[in-house]
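For reference, the chains in residue letters:
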Amino acid sequence: ISSLAIAWLFYIGFTAWVFFYYGDPLPNAYYAKMHPLSADLLARGFSISGWFLRGYLGVPLAIVLLWAAATRLRLNAPGWFPLSIIATFVAFFVRVGGDALVYYRMWFWTLPMFALLAGEAIARFAVPGRRYRRAVAVALIVLGLAATLQHSFYGREIGRLRRDERFVRDASTIAEALRETKRPLLVAANNVGALAYGSNQEFVDMLGLNDRHIARAPGKQLGSPAHESHDGSYVLDRKPDLIFYGMPRLYAERVPLQRAIDVGYPSDLDLMQDPRFARRYGLTYLRAEDGRFAPVFVRMPEP
């Protein structure tokens, strides 16, 4: 308990420093994903948490139960700290309504915590002098590893990962084209990671992950998990030179407008409802080095 208290005192101190330095106790990403509390939001959060458990064939839950059985939940038993970290993350994840990211990567940093619990449970289970228990412990480890790896090789996540890889390659290629532009640009986009990193241009993050105003803008409605922040009026007030609608993509040819503006995020639909967007922006195509084209809206000169 004392070690748990010391660890949490460090976390509380760090949070206080963040609040003093940034003016908010939590990272901006939290506010970008946050919704007003509702039963539908919590239900979605629990449902997407279930995706994680099913993806790993229930192994994370089995680890917690095995640890609880092995330690009998004694207050002096090792493992309470990693368990508290897992519980804190689950509370956060459910509170924001989940996030449908490929390979459940928001959960990734909790995996070492599950490993600590599993190690403690197996150490208590495989006591010296009882050979059969050691054999069972080794079998549990092997089966657990096999279960947690299965979706990586033939589950639905491998298909989603390949789609994400194609998107990242396209975004990186588009970023190279933006970097070669002769003048500095202000670019508005949803998926700004690879674009901003590779282009060295200034960006407006239309999903609010890196924008304090959009992260806190009202009017969010449940839709694409954790991608619902938007404020189209604010984006247009910033007068970006280029706007990427939806996810930035490359095509072998100049695709028609209907295909270029397929169903997007709430941030995109918000733009389409503002008459200034149609009046001030026109569809054009950014040509990459490999000859493919990225649809993008460019700000037209004001009369």
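Each remark here, short or long, concerns the structure printed above.
For the structure given in this document, a descriptive report is provided here. (Residues numbered from 1 in each chain as written. Predicted model: local features only at pLDDT ≥ 70, side-chain atom pairs only at ≥ 80, totals over all residues. Heavy atoms only, no water.)

### So, the pairing of strand S4 (residues 281–287)
Here is step 1: When S4 meets strand S5 (residues 293–299), the two strands line up antiparallel, connected through seven bridges. Within S5, the residue paired with Arg287 across the bridge is Phe293.
Here is step 2: Hairpin geometry of S4 and S5 is characterised by an intervening segment of five residues between the two adjacent antiparallel strands and by a positive phi of about 90° at Gly291. (Pairing = 2+ DSSP bridges. Helix = DSSP H or I, 4+ residues; strand = E, 2+ residues; numbered from the N terminus.)

### What about the pairing of strand S2 (residues 202–205)?
Here is step 1: Bridge count for strand S1 (residues 186–189) against S2 is four bridges, and the pairing is parallel. For Ala188, the partnering residue across the bridge sits in S2 and is Val204.
Here is step 2: Note on the crossover from S1 through helix H9 (residues 192–199) to S2: the handedness is right-handed. (Right-handed = clockwise from strand over helix to strand, strands pointing away.)

### Some remarks on the packing of aromatic side chains
Here is step 1: Evaluation of the coordinates by the stated rule reveals 19 aromatic pairs.
Here is step 2: Taken together, a centroid distance of 4.1 Å and an interplanar angle of 10° make the contact between Phe52 and Trp107 stacked. Taken as a pair, Phe52 in helix H3 (residues 39–55) and Trp107 in the loop between helix H5 (80–95) and helix H6 (111–125) lie far apart in primary sequence, 55 residues in all.
Here is step 3: Its relative accessible area of 1% is what places Phe52 among the buried residues.
Here is step 4: The exposure class assigned to Trp107 is buried, which follows from its relative accessible area of 6%. (Phe/Tyr/Trp six-rings, centres within 6.5 Å; stacked < 30°, edge-to-face > 60°. Buried < 20%, exposed > 50% of the residue type's maximum accessible area, 1.4 Å probe, protein only.)

### Points about the packing of H5 against H6
Here is step 1: The interhelical angle for the contact between H5 and H6, taken along N-to-C directions, is 145°, at an axis separation of 9 Å. Considering only the axes of H5 and H6, their crossing is left-handed. The segment H5 lies against H6, with Pro82, Leu83, Ile85 and Ile86 engaging Met113, Phe114, Leu116 and Leu117.
Here is step 2: Partitioned by chemical class, the residues of the contact of H5 with H6 number eight nonpolar, no polar and no charged. (Axes fitted to C-alpha atoms, helices over the stretch in contact; angles between N-to-C directions. Left-handed = near helix turned anticlockwise from the far one by under 90°. Contact = heavy atoms within 4.5 Å. Nonpolar A, V, L, I, M, F, W, Y, C, P; charged D, E, K, R; others polar.)

### A look at empty space enclosed by the protein
Picture a little ball the size of a water molecule; that probe, rolled over the atoms, points out where space is still empty.
Here is step 1: Counted by the stated rule, this structure contains one cavity of 30 Å³ or more.
Here is step 2: Taken as a whole, the largest cavity encloses approximately 80 Å³ of empty space.
Here is step 3: In this structure, the largest cavity is lined by Phe244, Tyr245, Met247, Pro248, Arg249, Tyr251, Ala260, Asp262, Pro295 and Phe297.
Here is step 4: Of the residues belonging to the lining of the largest cavity, the class tally is eight nonpolar, no polar and two charged. (1 Å grid on protein atoms, 1.4 Å probe; cavity = no way out; pocket = protein on both sides within 12 Å on 5 of 7 lines; lining within 4 Å. Points joined across faces, edges and corners; volume = space filled by probe spheres on them.)

### With respect to the sheet that holds S2
Here is step 1: Taken together, five strands build an open sheet; the order of strands is S2-S1-S3-S5-S4 and the sheet is mixed. What marks the edges here is a single partner per strand, and that holds for S2 and S4.
Here is step 2: Across two bridges, the pairing between S1 and strand S3 (residues 242–243) is parallel. Bridging from a neighbouring strand, Ala188 pairs with Ile243 of S3.

### Digging into the nonpolar core
The nonpolar side chains of a soluble globular protein tend to be buried with one another.
Here is step 1: Membership of the largest hydrophobic core comes to 20 residues, with the highest contact counts inside it found for Phe52, Ile63, Phe93, Trp107 and Leu117.
Here is step 2: Going through the elements one at a time, H3, helix H4 (59–71), H5 and H6 are the ones with two or more residues in this core.
Here is step 3: When sequence neighbours within four positions are dropped, the list of residues in contact with Phe93 reads Gly45, Ile48, Ser49, Gly98, Asp99, Met106 and Trp107.
Here is step 4: Listed in part, the 18 residues of the second largest apolar core include Ile174, Ala177, Leu250 and Ala294. (Core = buried A, V, L, I, M, F, W, Y, C linked by side-chain atoms within 4.5 Å.)

### Details of the layout of surface pockets
Here is step 1: The computed volume of the largest pocket comes to approximately 950 Å³.
Here is step 2: Together, 33 residues line the largest pocket, and Phe167, Asn191, His227, Met247 and Tyr265 are the ones closest to its centre.
Here is step 3: Residue assignment for the lining of the largest pocket shows that the elements contributing at least two residues are helix H2 (28–33), helix H8 (156–179) and H9.
Here is step 4: A total of seven residues in the lining of the largest pocket trace back to one element, the largest contributor, which is H8.
Here is step 5: Residues of the lining of the largest pocket, tallied by class, amount to 17 nonpolar, six polar and ten charged.
Here is step 6: In this structure, the second largest pocket spans a volume of roughly 800 Å³.
Here is step 7: Considering the residues around the second largest pocket, the lining is formed by 27 residues, among which Tyr11, Pro25, Leu26, Pro27 and Tyr30 are closest to the centre.
Here is step 8: Those elements that provide at least two residues to the lining of the second largest pocket are helix H1 (2–22), H2 and H5.
Here is step 9: Here the lining of the second largest pocket gets eight residues from one element, more than from any other, and that element is H1.

### Some points on H3
Here is step 1: Compared with an ideal rise of 1.5 Å per residue, which puts 17 residues at 24 Å, H3 spans 24 Å between its outermost C-alpha atoms and is within 8% of the ideal.
Here is step 2: Backbone geometry just after H3 places Leu57 at a positive phi near 50°. (Expected span 1.5 Å × (residues − 1).)

### Overview of the side chain of Ser267
Here is step 1: Structurally, Ser267 is set in helix H13 (residues 266–272).
Here is step 2: Among the polar contacts made by the side chain of Ser267, one reaches the side chain of Asn190 at a distance of 2.5 Å.
Here is step 3: Beyond its immediate sequence surroundings of up to four residues, Ser267 is in contact with Asn190, Met206, Leu207, Ser229 and His230. (Polar contact = N/O pair within 3.5 Å; in protein donor to acceptor, adjacent residues only side chain to side chain.)

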